[in-house]
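Spelled out, the chains give:
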Amino acid sequence: AAGSLQRTAAGRRRETSASACIMASSHASCVSVTRAASRAPASRRHIGRRNGTSLAVPRRVDARADAGGDPIMLWDNDQRKFVDGGCTTTRLDDPCLQGLSITPQEVIERIHKAKGPGGRLDLTGVGLREVPSEVWTLTDLADLQLSNNKLTCLPEGLGDLKHLERLGLAGNRLRSLPESIGNCVKLEGLWAHGNVLGSLPSAIGKCEWLRHLMLAGNRLRALPDGIGDLDALEELSVPGNRLRFIPETIVGCASLRTLDLHGNEIEHLPDAMGKRCRSLEEVSVQGNRLLSVPDSFCDARRLKRLNVAENKLESLPEALGDAAMLTTLWVYANPNLSRLPPSLAANVSLKQIWAEGCALDGNDGDGTEEGNALKAYVSFAAEGGGGKRKTPPALLGLDVNQLARAGMDENKVAPFVRIAELGVVSSWLAGGAQDTPRGYFKLEKWVPPKEVREEHSSQEKAPVLIVAFGSAPGVPNWGGLLKKLRDDVRARGVNNVRGAGAGAAAAVTAARLGFDVLYVADTARSWYGGAGFGDGDAGETAERRWRGAVREISGEYERVVHLGDSMGASAALLFADLADVSLAFCPQVDLVSASIRPGRSAPWMRRYERAMIAAVRRAVDNGSKVVVHTGSWAHDVDQASAVLRGLGSENNTSQATSFADAKTGGSVTVVTHHVDNHRLALALEEGGELLPIVRLALHEQIAATTREGGDDASSSSAAGSKETGGVDDIALKKFNPAVRGI
């Protein structure tokens, strides 16, 4: 790589040139760039080194300038000489380059690096309010990234980029897109989530190569009919908007595989969607106003995941089970849904049905006894769906209220029935009502392993609650990790029954007491802030409703752990004062500058941040611990650091890592991991690092409850004495009685 051209002074300093070093696009050659000036310094100027050899610019560079701007000379390592790089029309004093997070010089360098076929220009997160006009002349550009800036509009010149394949516009303040986008006929991906778009240009239908269209968190009220002309479209994501309907023309998207419409106001889906969109694999229409599911979904031969939870459904298509590849069905929180079609029980691919909060009190489908629909379905599924299914039935998620209405004993239900203590009752407190629930709340209670119950006859209520906040997709997550944690705690306890040493006692205590889990999800994609932040008292009311819904359950426990990723991490911080420990992975704090955010106004976002910081401060004052985990991506590091800046950390910079209150013992800690993307929790999970983080937090809280409650196990037994490493040192293998203190 070549270095920067250094200016020299002769007598008084004169601005004679601007120079830079840039890397060649995707080739092995290295390129340096310097702008020719009317007057060059008399001396030869070094611009860098390659393999220990100094490269120098001749005293005078021969390049012709046109009226459009200064000529650019490019150093080509392959040819070992300067080549004509054309002319620049962007000047260092251009108003749109002032006040950015990078220098005007660097912007110009990036623009010139992007010249030529297949060019890529990345101006993500530099603070642009206007795109330099020269960008729209890069007609060979293939990739343009303008996300996370302050753009409010784009010029019609966008349509001149006829070779553009990828366009990133997420996290700006765009109100509209130019009609000329239809001229970008080679466009394959458009990422415009987190703006304030009120509509899409009808010309979007001309982008016939478009495969990915991401529009989450805007203000769209409708999609243009032209969207049906996108024959190559594979993924359409429009959650968290204001859509009331989907155009009938969407059935023309024959390649559509993933359709995400959750958190809108849609009342009807096109009748032929399931049949005409023959590539559909995943559909999410959660949190809308659907009254029915089209019968054509029974013919969706590739459909694997269907989410119609939190709607107003009264029934499902009788032949829905004919969707041969269906593996997961979410129908929870449809209070008027009276029954599950028997065809689901016969589907050999189906693995899970989540139906908490549904009435399921209709007849059994044969016109027999009213109210026995649930009992009839469970019995039919247990028999193999009429003999069509040889494998165990699909897991069926229900709540205790449903079992009570059906006259079923929760202790005697079939093993494939998963029972939740609480359905969606608390969601009424989050701004919904019994007939229109809002948000997902489900409580799963701890069941000690049989071997531990035999040692301790009395079954105690779990003292610790883990609240798992869902992220932007609007469905409960963390289930996989918490199942691993549950299995881990049980296995350690079982393997150390009647074992010796403080560590063994701690493992048995943890397995006996255990933990309950409350799954919470905001299906409206409002960052658990409702629709009102920034709109007078409505914002405070919305927050109080969510807060009350969480407090209603968590207030019954001795210790509470909050767990969240991305939007869920923001919720973990927004309600941090309701927990003893909050683990937040890559939260959005300063939503105004975040690349992932809801389609709300700037005042709404600023008020949201203030509410979050205030909650974190209350948590510290209460002696609670807040741990923010972030990757090394600069955007996420800055968001994590915003928590410390808001608290007024003494080291008020991005390098600050902690904030503590010596009086209360409360603290905020930022932990940075070497993961250079936003999916930190997933990366830690794949690396086996996530479970130990959550397990340690759980064991600390269980130990605290045993100390406070005077448990028969000593403090050292509960937490693990100094002579052992604590519960984490207990092997998962069978306990060896000949070895003490394992």
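Reading guide: rules and limits
Residue numbers run consecutively from 1 along every chain, following the written order of its sequence. Restriction of local features to residues with pLDDT of at least 70 applies here, the model being predicted, together with a cutoff of 80 or more for giving and counting side-chain atom pairs; totals for whole chains, interfaces and linings are based on all residues. Side-chain figures throughout are based on the complete set of non-hydrogen atoms in the structure, without hydrogens or water. Runs of H or I in DSSP of at least four residues are treated as helices and runs of E of at least two as strands, each being numbered from the N terminus. To sort residues, take the accessible area from a 1.4 Å probe on protein chains only and compare it with the maximum for the residue type: under 20% means buried, over 50% means exposed, and anything in between is partly exposed. What makes two residues a contact is simply this: any of their non-hydrogen atoms within 4.5 Å. Per-residue accessibility takes into account occlusion by the displayed protein chains alone, with areas from the Shrake-Rupley method and a 1.4 Å probe. Within 6.5 Å between ring centres, the rings of Phe, Tyr and Trp (the latter by its six-membered ring) count as paired, and their orientation is classed by plane angle as stacked under 30 degrees, edge-to-face over 60, tilted in between. For patches, a residue must show more than 30% relative accessible area and have no salt bridge; joins then use 9 Å for like charges and 5 Å for nonpolar side chains, namely Val, Leu, Ile, Met, Phe, Trp and Tyr. Every case where a carboxyl oxygen of Asp or Glu lies within 4 Å of a side-chain nitrogen of Lys or Arg is listed as a salt bridge. Charged-residue counts in this description rest on Lys and Arg as positive and Asp and Glu as negative, His and the chain ends being excluded. In this description, the location of a charge corresponds to atom NZ of lysine, CZ of arginine, CG of aspartate or CD of glutamate. Any two strands are treated as partners once DSSP identifies two or more bridges connecting them. Axis definition: a line fitted to C-alpha atoms, limited for helices to the stretch in contact. Angles are taken between N-to-C directions and run from 0 to 180 degrees. The labels follow the angle: roughly parallel below 35 degrees, roughly antiparallel above 145, roughly perpendicular from 65 to 115, and oblique for the rest. Throughout this entry, Asp, Glu, Lys and Arg are counted as charged residues, while Ala, Val, Leu, Ile, Met, Phe, Trp, Tyr, Cys and Pro are counted as nonpolar. The remaining residues, Gly among them, count as polar. Scored from 0 to 100, pLDDT records how confident the predictor is in each individual residue. What we call a nonpolar core is a set of buried Ala, Val, Leu, Ile, Met, Phe, Trp, Tyr and Cys residues that are connected through their side-chain atoms within 4.5 Å. Given the number of residues in a helix, its expected span is that number minus one, multiplied by 1.5 Å. Here is how to tell: hold the view so the strands point away, follow the path from the first strand over the helix to the second, and if it runs clockwise the crossover is right-handed. Under this definition, polar contacts are N or O atom pairs within 3.5 Å; protein pairs additionally need one hydrogen-donor-capable and one acceptor-capable atom, and for neighbouring residues in sequence, both atoms have to be side-chain atoms.

Time to look at the overall build of the chain. The helix and strand tally for the chain stands at 15 helices and 27 strands. Expressed as a percentage of its 742 residues, the buried residues of the chain come to 56%. Residue pairs at least 24 apart in sequence account for 52% of intrachain contacts in the chain once pairs closer than 6 positions are excluded. With the model as given, the accessible surface of the chain reaches about 31,300 Å², and the carbon-plus-sulfur share is 47%.

In this structure the tally under the stated criterion is seven aromatic pairs. Taking 6.1 Å as the distance between ring centres and 35° as the angle between the ring planes, the aromatic pair formed by Phe-469 and Phe-575 counts as tilted. On the criterion of sequence distance, the pair formed by Phe-469 in strand β21 (residues 464-469) and Phe-575 in the loop between α10 (567-574) and β24 (581-585) is long-range, its members being 106 residues apart. Comparing Phe-469 with Phe-575, the two get one shared label, buried. Judged by centre distance (5.5 Å) and plane angle (15°), the rings of Trp-604 and Tyr-608 are stacked. Placement of the pair is Trp-604 and Tyr-608 together in helix α11 (residues 602-621), with a separation of four residues, close to one helical turn.

Taken together, the side chains of Glu-248, Asp-271, Asp-295, Asp-299 and Asp-322 make up a negatively charged region of the molecular surface. Examined against the element boundaries, Asp-295 turns out to sit in the loop between β14 (282-284) and β15 (305-307). Its relative accessible area of 58% is what places Asp-295 among the exposed residues.

Let us look at the sheet that holds strand β25 (residues 625-630). Read from one edge to the other, the open sheet built from eight strands follows the order β20-β22-β21-β23-β24-β25-β27-β26, with strand pairing classed as mixed. Two strands close off the open sheet at either side, each with one partner strand: β20 (440-444) and β26 (658-660). Pairwise comparison of adjacent strand axes, ignoring direction, gives a mean angle of 15° for this sheet. Relative to strand β22 (residues 515-521), β20 runs antiparallel, the two sharing five bridges. Of the residues in β22, the one forming a bridge with Tyr-440 is Ala-521.

Here the focus is the packing of α10 against α11. For the pair α10 and α11, interaxial distance at closest approach is 7 Å and the crossing angle is 55°. As far as their axial angle goes, α11 and α10 are oblique. The segment α10 lies against α11, with Ser-570, Ala-571, Leu-573 and Leu-574 engaging Tyr-608, Ala-611, Met-612, Ala-615 and Val-616. For the contact of α10 with α11, the per-class residue count stands at eight nonpolar, one polar and no charged.

On to the confidence of the model for the chain, then. The pLDDT averaged across the chain works out to 79; a share of 76% of its residues lies at or above 70. Segment residues 365-370 is flagged for pLDDT under 50; beyond a separation of four residues in sequence, or across chains, it makes seven contacts in the model. Counting contacts from residues 650-655, a segment whose pLDDT is below 50, to residues more than four positions away or on other chains yields three contacts.

Of all five residues in β20, five are buried, a share of seventy percent or more. Covered by surrounding structure in β20 are Tyr-440, Lys-442 and Glu-444 together with Phe-441 and Leu-443, the residues of both alternating faces.

This brings us to the pattern of salt bridges. If you walk through the whole model with that rule in mind, you get 26 salt bridges. In this structure, the salt-bridge partner of Arg-166 is Asp-143, at a minimum N-O distance of 2.9 Å. One end of the pair, Arg-166, is in strand β9 (residues 166-168); the other, Asp-143, is in strand β8 (residues 141-145), with 23 residues separating them in the sequence. On the basis of relative accessibility, which here comes to 31%, the residue Arg-166 falls in the partly exposed class. Here Asp-143 falls in the buried class, since its relative accessible area comes to 6%.

Attention now moves to unusual backbone geometry. Notably, Glu-310 is not glycine yet its phi reads approximately 55°, a positive angle. For Glu-310, a relative accessible area of 5% gives the class buried. A positive phi angle is found at Leu-360, which is not glycine, with a value near 50°. Structurally, Leu-360 can be placed in the loop between β17 (352-354) and α3 (373-382). Assessed through its relative accessible area of 3%, Leu-360 is described here as buried.

With that settled, consider the nonpolar core. By size, the foremost hydrophobic cluster in this structure holds 98 residues, and its most contacted members are Leu-144, Leu-190, Leu-236, Leu-340 and Leu-396. Those elements that provide at least two residues to this core are α1 (104-113), β8, α3 and β18 (395-399). Among the elements that line this core, the one with the most residues is α3, at four residues. Residues contacting Leu-190, with those up to four places away along its chain left out, are Leu-167, Leu-169, Leu-177, Ile-181, Ile-204, Leu-210, His-212, Leu-213 and Met-214.

A word on α10. Counting buried positions along α10 yields eight of eight residues, so the element is predominantly enclosed. Regarding α10, the residues found buried are Met-567, Gly-568, Ala-569, Ser-570, Ala-571, Ala-572, Leu-573 and Leu-574.

Here we take up α11. A turn of α-helix holds 3.6 residues, and therefore any two residues three or four places apart point the same way. With 20 residues, α11 extends 29 Å from end C-alpha to end C-alpha; this agrees with the ideal 28 Å at 1.5 Å per step. Residues of α11 that are buried include every one of Trp-604, Met-605, Arg-607, Tyr-608, Glu-609, Ala-611, Met-612, Ile-613, Ala-615, Val-616, Ala-619 and Val-620, and no others. Positive phi shows up at Gly-623, right after α11, with a value of about 90°.

With that settled, consider the environment of Gly-479. By the element assignment, Gly-479 lies in helix α7 (residues 479-494). By relative accessible area, Gly-479 is classed as partly exposed at 32%. Distance in space between the C-alpha atoms of Gly-479 and Ala-468 is 8.5 Å, their sequence separation being eleven residues.

Turning to the environment of Leu-151, a few remarks are in order. Residue placement: Leu-151 occurs in the loop between β8 and β9. Linking Leu-151 and Gly-171, residues 20 residues apart in sequence, is a C-alpha distance of 9.0 Å. When neighbours within four sequence positions are excluded, Leu-151 is seen to be in contact with Leu-128, Arg-129, Glu-130, Val-131, Leu-146, Asn-172, Arg-173 and Leu-174.

Right, let's get into the packing of α11 against helix α12 (residues 634-647). At their nearest, the axes of α11 and α12 sit 10 Å apart, and the two run at 70° to each other. Relative to α12, the element α11 is oriented roughly perpendicular. Counting all contacts with α11, which are made through Glu-609, Ile-613, Val-616 and Arg-617, the residues of α12 involved are Ala-642, Val-643, Gly-646 and Leu-647.

Looking now at the pairing of β24. Taking burial as the measure, the five residues of β24 include five buried ones, the bulk of the element. Of the two faces of β24, the one lined by Val-581, Leu-583 and Phe-585 and the one lined by Ser-582 and Ala-584 are each fully buried. Pairing between strand β23 (residues 559-565) and β24: five bridges, direction parallel. Among the inter-strand pairings, Leu-563 is bridged to a residue of β24, identified as Leu-583. In this fold, β24 hands off to α11, which returns the chain to β25; that crossover is right-handed.

Now for the environment of Gln-105. Inspection of the secondary structure assignment puts Gln-105 in helix α1. Spatially, the C-alpha atom of Gln-105 lies 6.4 Å from that of Leu-92, the residues being 13 residues apart in sequence.

Bringing the side chain of Asn-195 into the picture now. Its location among the elements puts Asn-195 in the loop between β10 (189-191) and β11 (212-214). A residue is classified by how much of its surface remains accessible, and Asn-195, at 0% relative accessible area, is buried. Here Leu-169 takes part through its backbone oxygen, which lies 3.0 Å from a polar atom of the side chain of Asn-195. With near-sequence residues (within four places) excluded, Asn-195 lies in contact with Leu-169, Ala-170, Gly-171, Asn-172, Arg-173, Leu-174, Gly-217, Asn-218 and Gly-599.

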